[in-house]
Amino acid sequence: MATITNKAIKISQKHLLGIQDLSVSDINYILNESEAFIKLNQSKNKKIDVLRGKTQINLFFEPSTRTQSSFELAGKRLGADVMSMNMGNSAIKKCETLIDTAMTLNAMHPDIIVISIKTLVLVIYYLKKLIVLY
């Protein structure tokens with residue numbers, strides 16, 4: 001079984017947009033590392049500080065109670081400062097563009113951005129604009 005450490009796991013991809021670009025060894029590594037979190041989730045102290053000092057922003061473009069709460073709880077248990085945004089209630093409804101949102105979030109210098117959206121085209125568009133800014 002993997003051991004929980006205060007080091008982030010390293011995979012071959014800088015931006016994880018799906019598993020299609022991961023190698024078999026990357027996937028196996030992630031699965032092996034995940035086994036250690038079963039014990040962590042069953043322990044009294046469920047928090048480690050591997051993401052201490054890091055900011056995680058969760059963007060959810062449609063309602064998703066299980067996914068949103070899973071990513072938020074995971075970020076917090078790993079020690080990140082987590083901000084979750086329900087984009088359905090955001091200024092995008094008031095005609096703020098996705099680029100405006102990307103620029104605002106970029107100014108916050110997040111270390112991790114989690115995006116949940118049905119339309120992959122919007123994710124790719126958003127990420128290209130945001131990644132160019134880094």
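A. Representation of the overall build of the protein in the model. Broken down by element type, the protein carries 4 helices and 3 strands. Overall, the protein shows an N-to-C arrangement of helices and strands of α-β-α-β-α-β-α. Looking at the protein as a whole, 27% of its 134 residues are labelled buried. Nonlocal contacts in the protein, meaning residues at least 24 apart in sequence, comprise 73% of its contacts between residues at least 6 apart.

B. Fine view of helix 1 (residues 24-42). Here helix 1 spans 28 Å end to end across 19 residues, near enough to the 27 Å set by a 1.5 Å rise per residue. Within the span of helix 1, buried status applies to Asp26, Glu33, Ala36 and Leu40.

C. A look at the pairing of strand 2 (residues 81-86). Pairing of strand 1 (residues 55-60) with strand 2, which is carried by 6 bridges, proceeds in the parallel orientation. Across the sheet, the residue bridging to asparagine 58 is serine 84, located in strand 2. Remark: the strand 1/helix 2 (residues 65-77)/strand 2 crossover connection has right-handed handedness.

D. Structural context of helix 2. Between its first and last C-alpha, helix 2 extends 18 Å over 13 residues, near the 18 Å set by a 1.5 Å rise per residue. Directly after helix 2, the chain includes glycine 79, whose backbone phi takes a positive value near 95 degrees.

Cut-offs and rules
Residues numbered from 1 in each chain as written. Predicted model: local features only at pLDDT ≥ 70, side-chain atom pairs only at ≥ 80, totals over all residues. Heavy atoms only, no water. Helix = DSSP H or I, 4+ residues; strand = E, 2+ residues; numbered from the N terminus. Buried < 20%, exposed > 50% of the residue type's maximum accessible area, 1.4 Å probe, protein only. Contact = heavy atoms within 4.5 Å. Expected span 1.5 Å × (residues − 1). Pairing = 2+ DSSP bridges. Right-handed = clockwise from strand over helix to strand, strands pointing away.

Read these as geometric descriptors, not functional statements.
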